[in-house]
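Overview (structure and organization)
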Amino acid sequence: EDGSRGWLRYAPVRPTGHNTLDVPSTIVALNSTKISPVFTAGQELRNGISSILAKNVQVRADGCSNSSAVIVGTVDAYRAAYGDVKEAEALEDDGYLIHSTPDKVIILGCNERGALYGAFEYLSQIARNNVTSGVHVSNPQAPIRWTNEWDNMDGTIERGYGGASNFFRDGYVVDNVTRAAEYARLLASVGINGVVVNNVNANATLLSDRNVEGLGRLADAMRPYGVQLGVSLNFASPNATLGTFDPLDPKVDAWWANITNQIYKKVPDMAGFLVKANSEGQPGPLTYNRTLADGANMFARAVAPHGGVVMFRAFVYDNHITYANWTSDRANAQLEFFQHLDGKFDENVVVQIKYGPIDFQVREAPSPLFAALHNTSTAIELQVTPEYLGQNCHFVYLAPLWKEILDFDLRAESRPSKIKDIITGERFKRPLGGYAGVPGAGTNTTWLGSHMAMSNLYAYGKLAWDASLGSEDILQDWIRLTFGFDQKVLDTITDISMRSWPAYEGYSGNLGVQTLTDILYTHFGPNPASQDNNGWGQWLRAGNVTIGMDRTIENGTGNAGNYPPEIAEIFNDVDKTPDNLLLWFHHVPYTRRLKSNKTVIQHFYDAHYEGAASAQSFVKQWESLEGKIDKERYEHQLFRQTYQAGHSLVWRDSINEYFYNLSRIEDESNRVGNHPYRIEAESMDLDGYKSYVVNPFETASGFTAIV
Ligand code: BDP
């Protein structure tokens, strides 16, 4: 159990549930004589059923309709062979139906990929011992369900915690694409249909002949799983040959059309391009005084003849804005850059928006840009790799965080406008839209660097398919598939997972104050001082008496006014803003009373103790699973939980002491700064060590550590 099979372990189950006993031993994969998603579906059903139910299973490419079989294929292929299926009328692109009767199971996709999704769903039901009878129809809510892999050409992965790149090494696409195929398999099993293989901070060398040929091989490896390849582009790529990258220069336009055609020769079904422009030092159209729409549309024209889309990131901001100005606010950047461009993007452009206006913090207000673009397709960007949430050395189950954003009703035009309905295209009647998840998957056998982190990848795919699913239901399916059926295992991992986000938020940044990690380098570990006075615009404005970003319309940065009126009214009003976003929108005294009746500072102190206490309890809970989970995964995760428990104490004491030091307000429970059982290293007789003053001070008790 090294994790490489993720949730697709096909572990044996003792068939006790409904219909599992009746699963047929013949698979008919219609018209599957060559490699295709339906062919894959046939193989997957054979491997899965034989492994889970210990049966001998055969696959055929055609079959007689009246013998017992699992028939998988497209609706069209089924109709040609057996006649009409009425329920198929309800199918949309990539959708599937499963019709299960005692001796026959029919799995039909609207297209080949849909048939594969149906096969994976059926296998998941068998593996969970929960085959549902009757007809089950499922359509994805959004057409774009992609991952963005931030893999660099040198083989590293930006913000990835699962080892080296699966796609690149030493400047080139890898020779062996087996791992790419295995990854595509995992992603397809949860409905992901596109993978952008290289970092948004893109390198023009991706477009060399050798690498374009390599992209062809990667796409070939993923195609049997219905996963289309996409690439990130460096906006200045033509500069080396043309001496310019001005998007309105016809030479530049022609250069992109040409390279795009070359990529499509090798990857005929390429999903499209992803572009990070004019952000964090990346080149873009603003260099030439062109708009971001001018830039996006240049790529849109290049891919349009091939049916491709352009994902254009809204993560545009100037990372040199200064702290001195009380009204400057990075959270306003997206609206400033994009709102006036609404309707100016070509139809195949999708503006990809991070869930909050800053950057994947432990809690953010949802991005107001979702409500501001009515004539532009949009997608949400979610970070599956927990860059600011413990980097898989801590465990945080992210689905509840994502759902809070997806379910948020922005009330655009005073009408229901949940973010999940905006990005599907439903709310503003847009043809495109969906999800971009950043997993950071690497060559580590666990894919993400930790077994438990895989629940996040699983949940990401499931929510991109159907955002109405519950976080806990998704989680429990994943637990059964990953760890089996033991009730204690199910209950314990559910409990740890569902308490994990509150725990992490508890011992890091509370009340919407952002995560309080080190902001300049690692994004890991506490360093609240780095959150002020930095060029990156992630500020908390903590003083001796007051704290928080004033984003109000009258006195602050005006950000609260970026929301539609009904929401602006809440966020602009310190009394109406929910506690958990208070400091995101308001600058208040530490002594201000929350709705919970605690003061801000006492809330900080208590939340940090409670969060760290949860992290301690996770270790005990995990230990109670010894013997109920295989040793390999048990020990791997025990190590992680133990580390997290220790580091949560560092977090707790650092943040509390930082705010105590600033405010000088005592903790009502007399814990902060008071550790009667702790013996400080610098108070001991030191032999070969000496003490020194630590910076940032709050990461060492008493300002001092030894070296
Ligand atoms: C930040 C990451 C940085 C990414 C950037 C982005 O720290 O590595 O390049 O986002 O999304 O969160 O472009």
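In case you missed it, the structure is sitting above this.
What this report covers is the structure whose coordinates are included nearby. All figures in this text were calculated on a predicted structure; none of them were measured in a lab.

Some thoughts on the overall build of the protein
Scanning the protein from N- to C-terminus turns up 19 helices and 20 strands. In terms of C-alpha radius of gyration, the protein reaches 26 Å, essentially the compact-globule figure of 27 Å for 707 residues. If you line up the protein on its principal axes, its C-alpha atoms span 80 × 65 × 55 Å. For the protein, the proportion of its 707 residues judged to be buried stands at 62%. Considering only contacts in the protein between residues 6 or more positions apart, those separated by 24 or more positions represent 71%. Taken as a whole, the protein presents about 25,800 Å² of accessible surface, with 50% of it coming from carbon and sulfur. Of note, the protein has its 60 positive side-chain charges centred 3 Å away from the centre of its 81 negative side-chain charges.

Side note on the packing of aromatic side chains
In this structure the tally under the stated criterion is 32 aromatic pairs. Between tyrosine 117 and tryptophan 465, the aromatic rings sit 5.3 Å apart at their centres with planes inclined by 90 degrees, giving edge-to-face as the arrangement. Taken as a pair, tyrosine 117 in helix H3 (residues 112–127) and tryptophan 465 in helix H13 (residues 454–465) lie far apart in primary sequence, 348 residues in all. Side by side, tyrosine 117 and tryptophan 465 carry an identical accessibility label, which is buried.

Topic: the site of the ligand
Inspection of the region around the ligand gives 14 residues, with Glu158, Lys276, Arg313, Asp359 and Glu387 positioned closest. Contact between the ligand and lysine 276: an oxygen atom at 2.6 Å from a side-chain N or O atom of the residue. Take glutamate 387: an N or O atom from its side chain is 2.4 Å from an oxygen atom of the ligand. By residue class, the composition of the shell around the ligand is four nonpolar, two polar and eight charged.

Here's the deal with the pattern of salt bridges
Under the counting rule described, the total for this entry stands at 43 salt bridges. With its nearest N and O atoms 2.8 Å apart, the salt bridge here joins arginine 301 to aspartate 253. Remark: aspartate 253 occurs in helix H7 (residues 250–266) and arginine 301 occurs in helix H8 (residues 292–303); sequence separation between them is 48 residues. Judged by its relative accessible area of 39%, arginine 301 falls in the partly exposed class. Through salt bridges that share partners, Glu1, Arg5, Arg9, Asp630 and Arg633 make up one connected network.

So, a nonpolar patch on the surface
Residues Ile679, Met684, Leu686 and Tyr689 make up a contiguous nonpolar surface patch of about 420 Å² in total accessible area. When you line up the elements, tyrosine 689 lands in the loop between helix H19 (631–663) and strand E19 (691–693).

A look at the nonpolar core
Residues Ile49, Tyr122 and Phe659 are the most contacted members of the largest nonpolar core, which totals 206 residues. Residue contacts for tyrosine 122: discarding those within four places in its chain leaves Val23, Pro24, Leu45, Ile49, Val70, Ile98, Ser100, Val105, Ile107 and Val131. In terms of nonpolar packing, the next biggest core, distinct from the first, is built from 13 residues, Ile71, Ala77, Val85 and Leu108 among them.

Quick notes on the environment of glycine 243
Looking at where glycine 243 falls in the secondary structure, it is placed in the loop between helix H6 (239–242) and H7. Look at glycine 243 and you get exposed, because its relative accessible area is 58%. Distance in space between the C-alpha atoms of glycine 243 and histidine 647 is 50 Å, their sequence separation being 404 residues.

A closer look at the pairing of strand E4 (residues 96–100)
In terms of burial, E4 is largely enclosed, as four of its five residues are buried. Of the strand pairs in this sheet, E4 and strand E5 (residues 104–109) are connected by five bridges, and their pairing is antiparallel. Within the sheet, the bridge partner assigned to histidine 99 lies in E5 and is isoleucine 106. Between the end of E4 and the start of E5, which pair antiparallel, lie three residues. Relative to strand E6 (residues 134–138), E4 is paired through five bridges, and the arrangement is antiparallel. What sits directly across from tyrosine 96, in E6, is serine 138.

What to know about the packing of helix H15 (residues 487–507) against helix H18 (residues 600–623)
Their axes nearest at 8 Å, the elements H15 and H18 cross at an angle of 155 degrees. Taken together, the axes of H15 and H18 lie roughly antiparallel to each other. Where H15 crosses over H18, the two elements pack in a sense that is left-handed. The residues of H18 that touch H15, namely those facing Thr492, Ile493, Asp495, Ile496, Arg499, Ser500, Ala503, Gly506 and Tyr507, are Ala607, His608, Gly611, Ala612, Ser614, Ala615, Ser617, Phe618, Gln621 and Trp622.

A short note on H3
The terminal C-alpha atoms of H3, which comprises 16 residues, lie 23 Å apart, in line with the 22 Å expected from a rise of 1.5 Å per residue. Summarising burial for H3: 15 of the 16 residues are buried, a large majority. Where H3 terminates, the next one or two residues include asparagine 129, which has phi positive at roughly 60 degrees.

A look at the packing of helix H1 (residues 37–53) against H3
Their axes nearest at 8 Å, the elements H1 and H3 cross at an angle of 5 degrees. Between H1 and H3, the interaxial angle falls into the category roughly parallel. Counted together, Pro37, Val38, Thr40, Ala41, Glu44, Leu45, Gly48, Ile49, Ile52 and Leu53 of H1 and Glu112, Arg113, Ala115, Leu116, Ala119, Phe120, Tyr122, Leu123, Ile126 and Ala127 of H3 form the full contact between these two elements. Taken together, the residues of the contact of H1 with H3 break down into 15 nonpolar, two polar and three charged.

Some points on the sheet that holds strand E7 (residues 144–148)
Strands pair in a sheet through their backbones, by hydrogen bonds, and they do so in one of two ways: parallel or antiparallel. Taken in spatial order, the eight strands close into a barrel running E7-E10-E11-E12-E13-E14-E15-E16, and their pairing is parallel. On average, adjacent strands in this sheet sit at an angle of 25 degrees to one another, irrespective of strand direction. Where strand E13 (residues 309–313) meets strand E14 (residues 349–354), four bridges bridge the pair, whose relative direction is parallel. Bridge assignment links arginine 313 to a residue of E14, and that residue is glutamine 352. Helix-sheet contacts for helix H5 (residues 209–222) involve strand E10 (194–196) and strand E11 (228–233), and the interaxial angle to E11 is about 145 degrees. Each of E11, strand E12 (272–275), E13 and E14 touches H8; the most contacted strand, E13, lies at about 160 degrees to it.

What counts, and at which threshold
Residues numbered from 1 in each chain as written. Predicted model: local features only at pLDDT ≥ 70, side-chain atom pairs only at ≥ 80, totals over all residues. Heavy atoms only, no water. Helix = DSSP H or I, 4+ residues; strand = E, 2+ residues; numbered from the N terminus. Rg over C-alpha atoms; globule rule 2.2 N^0.38 Å. Buried < 20%, exposed > 50% of the residue type's maximum accessible area, 1.4 Å probe, protein only. Contact = heavy atoms within 4.5 Å. Areas by Shrake-Rupley, 256 points an atom, 1.4 Å probe, with all protein chains shown as cover. Lys, Arg positive; Asp, Glu negative; His and termini not counted. Charge placed at Lys NZ, Arg CZ, Asp CG, Glu CD. Phe/Tyr/Trp six-rings, centres within 6.5 Å; stacked < 30°, edge-to-face > 60°. Near = heavy atom within 4 Å. Polar contact = N/O pair within 3.5 Å; in protein donor to acceptor, adjacent residues only side chain to side chain. Nonpolar A, V, L, I, M, F, W, Y, C, P; charged D, E, K, R; others polar. Salt bridge = Lys/Arg side-chain N within 4 Å of Asp/Glu carboxyl O. Patch = residues over 30% accessible without salt bridge, like charges linked within 9 Å, V, L, I, M, F, W, Y side chains within 5 Å. Core = buried A, V, L, I, M, F, W, Y, C linked by side-chain atoms within 4.5 Å. Pairing = 2+ DSSP bridges. Axes fitted to C-alpha atoms, helices over the stretch in contact; angles between N-to-C directions. Parallel < 35°, antiparallel > 145°, perpendicular 65-115°, else oblique. Left-handed = near helix turned anticlockwise from the far one by under 90°. Expected span 1.5 Å × (residues − 1).

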